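Here is how the chains run, residue by residue.
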Amino acid sequence: MPELRTPPETAPPVPPLTLPVTVVSGVGPDRAAMLQRLGIRTVGDLLLHGPRRYEDRRAFAAMRELQLGVGAVVRGHIVASGVKWFRGRTRSVYEFILDDGTARLHCRWWNLPFLERMFAVGDDLMVFGKPNSLRPRTMDHPETERVEAGDEAPVHLNRVVPIYPSTEGLTQRVLRGLVWRALERFGAAVTDPEPVLVPVGSAPDGWPGRSEAVRTLHFPENLEAAERARGRLALDEFVALQFEIQRRRRNLERNAIALPCGGDNRLIKPFLAAVGFKLTGAQTHVLREIRADLAGPVPMRRLLQGDVGSGKTLVAACAALMALENGWNVAVMAPTEILAGQLADNFRRWFEPLGIPVDLRTSAQRGPAVSNMKAGPRLTDAHLDTAPIDATGTARTEPRPTKKDPTGGLIESVGRGSARAAREAVAGAVPSCARLTVGTHALIQPDANFERLGLVVIDEQHKFGVAQREALVRKGRYPHLLVMTATPIPRTLGLTLYGDLDVSVIDQSPAGRGRIRTHVRTPDALPKVWEFLRRELTAGRQAYVVYARVDESEHDDVKAVTKEFVRVKAAMAPHVVGLLHGQLRPEEKDAVMSAFRSGAVQVLVATTVIEVGVDVPNATVMVIENAEQFGLAQLHQLRGRVGRGGHESHCILVADQKTEAAQERLKVLAATTDGFALAEADLRLRGPGELLGKAQSGLPSLRFGDLRGDRVLVEKARAWVKSCLSSQPLN
Ligand code: ADP
Ligand code: MG
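Below: a short report on this structure. (Residues numbered from 1 in each chain as written. Chains lettered and ligands numbered in written order. Predicted model: local features only at pLDDT ≥ 70, side-chain atom pairs only at ≥ 80, totals over all residues. Heavy atoms only, no water.)

## Quick word on the environment of Leu653
And step 1. Among the structural elements, Leu653 can be located in strand S22 (residues 649-654).
And step 2. Placed 14 residues apart in sequence, Leu653 and Arg639 show a C-alpha to C-alpha distance of 9.6 Å.
And step 3. Beyond its immediate sequence surroundings of up to four residues, Leu653 is in contact with Thr518, His519, Val520, Arg521, Ile624, Ala627, Leu635, Leu666 and Leu669. (Helix = DSSP H or I, 4+ residues; strand = E, 2+ residues; numbered from the N terminus. Contact = heavy atoms within 4.5 Å.)

Rendered as structure tokens:
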């Protein structure tokens, strides 16, 4: 039987920007391989390979006027060149001398003798660097580029030229030529993304169009134009991010049915009467916001920010009680076993008198899985607020039930087989056996199951990734979510990372707290530090001494907790010193922690396992050795372990302060206890990745956007996307 052949179809045209970079003239297999090392595979990748800096080659600096430590571009001819060897030919320095008619400049490279073959007397060169000496004028390891005549000379000379991130074997000149050619042929194919939100051209807030921005990014008239082009491309990134965040939020609002968890005060009243102190104004305010969410039509998605010691746990307890009053179970997840254990202790002390069972579930202690109701059908991804978003931006979910439904849509949305469960839920029919489970990551293991999960609380959210937060939420059917953090998130980051959350802030600490004084000391002052510590211990106080490492490393001289423990113990005798680090067995950790809490141990020598959450009001001294090893946010957290009672407290940072950056960090810390100011400083000094820690996987990768400085652009993008989405009909 003859084969049926369909007529050959004409292939749809390939979008030019997705073509392989080899279509650009000058890119063969070798260069393609080098470009790939830079992450450049397509024409589009090449066009979006942004310069790391620019060189203004319209006017070179005169060598005679070079200033110490100030970067400059000069142009001249090589008048001498050679390698000097020393230390028995194991070390070398290659040097050439460049003359521009006004003066001479020595350029040196250490231990790169082969450079001698790349330069010759008479070469015409452009050199960029910072003079590290003026007698004679010298630059070490400057960047160089040869001046060559030819068709493309205008690309490299007499203009502001881009300097790119590059890779071995690919010179700036070659890379710049490739970008130039790619722009000539494909620049027009760059189009503005849909929907168009960024006002372009002569509009009051006009930005360059995307195509123009890409051209300008590489070959700007001046540096202001380059920055504006970068801003335009950054805006596109922020708009895309905000779409993702805001669509997710909108899907939640459209599709999820909130569980009624507003409570009736039945448990909270006696709880607050027994707890022994009055809520602060800030706590009361935040609880009002939380109650409105828990009783509202959309599941709560709230971030609670409050500096260390501001009393977030009590807020979480009250939120939990609201859900428990309505008969819903509550899960609280904390990042470490110590913290989970401490939270469980607190909640037991508070809740057991009220008849509410509290379970602890860590990988060490597997508490019973909560199950006091038959499981309903599992919801699929499509029901969750992380529902996949299709190309048109609508989540693939069922439409929200209409208002006429007497159950408010709950029964329909929960589905067949659990209608009764849902009806009972609405009526709050099983309030008596509701319970609270506290745990670590163990709560998100596949074998951990929760029934009637009404509220999820995540403590110290910054220690978890977004995926972990979602994993716990998925254990229920649209439970309410409260995430708490003591790491104040600078607003730019917050809008980017937590843009789908409402934010509450506790901006007031409970009254009657002693002040915390911060001191920066060098290691030679340690004897005095120990003396001071002994005095505090003798006066009945307790202390922490923190180290950056568990064990010593041969690569540096950072002190290790296991070794220093012996020293501190000897220095503090007869006071009792305990040791705590992450490699101890859970029972050992528990034992030393409870001994410290009860006062049987006076000094806790520890790693950063105590960084978050640990609450011992009688501890008044925090000594941190090798403080230069820690980030600002982390030091602030550690410092927050003291100053929790009425006594004046001290945080002593012991550091060599070798580097300028380390010094600046410690100075900032000593100058303020305002967590927000510190977070902004940390963002500025170290960048977002370091600020949030590696665990924070939610950070978007941005080519052009800069979360350190682009707050205005982030806010713009957010407002545009908001108005764009709200003008789209709900369907
Ligand atoms: P964080 O916000 O760092 O988690 P905690 O919840 O651990 O802070 O609270 C710190 C300490 O303050 C705890 O000992 C807690 O019992 C106490 N505390 C909380 N709220 C109040 C209040 N309203 N008045 C007095 N002390 C409070
Ligand atoms: Mg806490």
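Past the structure itself, the notes keep going.
## Some details on the pattern of salt bridges
And step 1. On inspection of all chains with the given rule, the structure shows 37 salt bridges.
And step 2. Here Arg302 ties to Glu289 by a salt bridge, and the two come within 3.8 Å at their closest N and O atoms. Here Glu289 lies in helix H8 (residues 281-294) and Arg302 lies in strand S10 (residues 301-306), a separation of 13 residues in the sequence.
And step 3. In this structure, the salt-bridge partner of Arg361 is Asp447, at a minimum N-O distance of 3.3 Å. Of this pair, Arg361 sits in strand S12 (residues 358-361) while Asp447 sits in the loop between strand S13 (436-439) and strand S14 (453-458), and the two are 86 residues apart along the sequence.
And step 4. The network of salt bridges with shared partners includes Arg52, Arg53, Glu55, Arg57, Glu143, Glu145 and Arg176. (Salt bridge = Lys/Arg side-chain N within 4 Å of Asp/Glu carboxyl O.)

## Comments concerning the site of ligand 1
And step 1. Near ligand 1 there are 17 residues, and of these Gly309, Lys312, Thr313, Arg513 and Asp615 occur at the shortest range.
And step 2. Relative to its free-state accessible area of 560 Å², ligand 1 is covered by the protein chains to the extent of 86%.
And step 3. Across the shell around ligand 1, the residue classes tally to 5 nonpolar, 6 polar and 6 charged. (Near = heavy atom within 4 Å. Areas by Shrake-Rupley, 256 points an atom, 1.4 Å probe, with all protein chains shown as cover. Nonpolar A, V, L, I, M, F, W, Y, C, P; charged D, E, K, R; others polar.)

## Concerning the environment of Gly187
And step 1. Among the structural elements, Gly187 can be located in the loop between helix H4 (172-186) and helix H5 (210-218).
And step 2. Take Gly187: its relative accessible area is 2%, and that puts it in the buried class.
And step 3. Gly187 sits 140 residues away from Leu47 along the chain, and the two C-alpha atoms are 7.8 Å apart.
And step 4. When residues no more than four places from it in sequence are discounted, the contact partners of Gly187 are Ala182, Ser211 and Arg215. (Buried < 20%, exposed > 50% of the residue type's maximum accessible area, 1.4 Å probe, protein only.)

## Section: the packing of H8 against helix H9 (residues 312-325)
And step 1. Contact geometry of H8 with H9 gives a least axis separation of 10 Å together with a crossing angle of 30 degrees. Taken together, the axis directions place H8 and H9 in an arrangement best described as roughly parallel. Regarding H8 and H9, the two cross each other, and that crossing is right-handed. On H9, the residues touching Gln283, Val286, Leu287, Ile290, Arg291 and Leu294 of H8 are Leu314, Val315, Cys318, Ala319 and Met322.
And step 2. For the contact of H8 with H9, the class distribution of residues is 9 nonpolar, 1 polar and 1 charged. (Axes fitted to C-alpha atoms, helices over the stretch in contact; angles between N-to-C directions. Parallel < 35°, antiparallel > 145°, perpendicular 65-115°, else oblique. Left-handed = near helix turned anticlockwise from the far one by under 90°.)

## Observations regarding the sheet that holds strand S4 (residues 104-110)
The strands that make up a sheet are held in pairs by hydrogen bonds between backbone atoms, and each pair lies either parallel or antiparallel.
And step 1. One open sheet accounts for 7 strands, arranged S6-S7-S4-S3-S2-S5-S8; its pairing is mixed. Strands with a single pairing partner mark the edges of an open sheet, and in this sheet they are strand S6 (133-134) and strand S8 (143-146).
And step 2. Where strand S3 (residues 91-99) and S4 come together, 7 bridges link them in antiparallel fashion. Residue pairing for S4: Phe96 is matched across the bridge by Cys107. (Pairing = 2+ DSSP bridges.)

## A closer look at helix H16 (residues 561-572)
And step 1. Between its terminal C-alpha atoms H16 stretches 15 Å, which fits the 16 Å expected from 12 residues at 1.5 Å a residue.
And step 2. Of all the residues in H16, the buried ones are Val561, Glu564, Phe565, Val568 and Met572. The buried residues of H16 occupy an angular sector of 115 degrees when the element is viewed end-on, so they sit on one face. Facing away from the buried side of H16, by more than 90 degrees, are the exposed residues Val566 and Ala570.
And step 3. Where H16 is buried, its residues touch helix H15 (526-538), strand S19 (577-580) and strand S20 (603-606). (Expected span 1.5 Å × (residues − 1). Arc of directions from axis to C-beta.)

## Quick notes on the nonpolar core
And step 1. Val24, Leu35, Leu46, Leu47, Phe238, Ile458 and Leu472 are the most contacted members of the largest nonpolar core, which totals 66 residues.
And step 2. At 8 residues, helix H6 (residues 223-255) tops the list of elements feeding residues into this core.
And step 3. Each residue touching Leu472, except ones within four places of it in the same chain, is listed here: Met333, Leu443, Ile444, Phe450, Leu453, Val456 and Ile458.
And step 4. Judged by nonpolar contacts, the second largest core, of 47 residues, contains Leu267, Leu279, Leu287 and Met300. (Core = buried A, V, L, I, M, F, W, Y, C linked by side-chain atoms within 4.5 Å.)

## Things to note about the sheet that holds S10
And step 1. Taken in spatial order, the 7 strands make up an open sheet running S12-S13-S11-S14-S15-S10-S16, and their pairing is parallel. Edge strands, defined here as strands with exactly one partner in the open sheet, are S12 and strand S16 (502-506). Between one strand axis and the next, the sheet turns through 20 degrees on average, direction left out of account.
And step 2. Relative to strand S15 (residues 480-485), S14 is paired through 4 bridges, and the arrangement is parallel. Paired with Val456 across the strands is Leu481, a residue of S15.
And step 3. H8 rests against S10, S14, S15 and S16 of the sheet, and its axis sits at about 160 degrees to S16.
And step 4. Of the strands in this sheet, S10, strand S11 (329-333), S13, S14, S15 and S16 are in contact with H9, which crosses S15 at around 170 degrees.

## What about the packing of aromatic side chains?
And step 1. Enumeration according to the criterion identifies 13 aromatic pairs in this entry.
And step 2. Each residue in the set Tyr94, Phe96, Trp109 and Phe119 is aromatic and connected to the rest through ring pairs, giving one cluster.
And step 3. Sitting over the ring of Trp85, Arg89 keeps its end group 4.3 Å from the ring centre.
And step 4. Just above the ring of Trp207 sits the side chain of Arg228; from NZ or CZ to the centre is 4.4 Å. (Phe/Tyr/Trp six-rings, centres within 6.5 Å; stacked < 30°, edge-to-face > 60°. Lys NZ or Arg CZ within 6 Å of the ring centre and 35° of its normal.)

## Some words on a nonpolar patch on the surface
And step 1. Judged by side-chain polarity, Val503, Val505 and Phe676 come together as a nonpolar surface patch covering roughly 230 Å² of accessible area.
And step 2. With respect to the helices, strands and loops of the structure, Val505 is situated in strand S16. (Patch = residues over 30% accessible without salt bridge, like charges linked within 9 Å, V, L, I, M, F, W, Y side chains within 5 Å.)

## Points about the pairing of strand S7 (residues 137-140)
Both faces of the sheet carry side chains from a regular strand, because those side chains alternate between them.
And step 1. With 3 bridges connecting them, S4 and S7 associate as parallel partners. The residue bridging Arg108 from the neighbouring strand is Asp140, located in S7.
And step 2. Bridging between S6 and S7 involves 2 bridges; their strand directions are antiparallel. Bridging across to S7, Ser133 finds its partner in Thr138.

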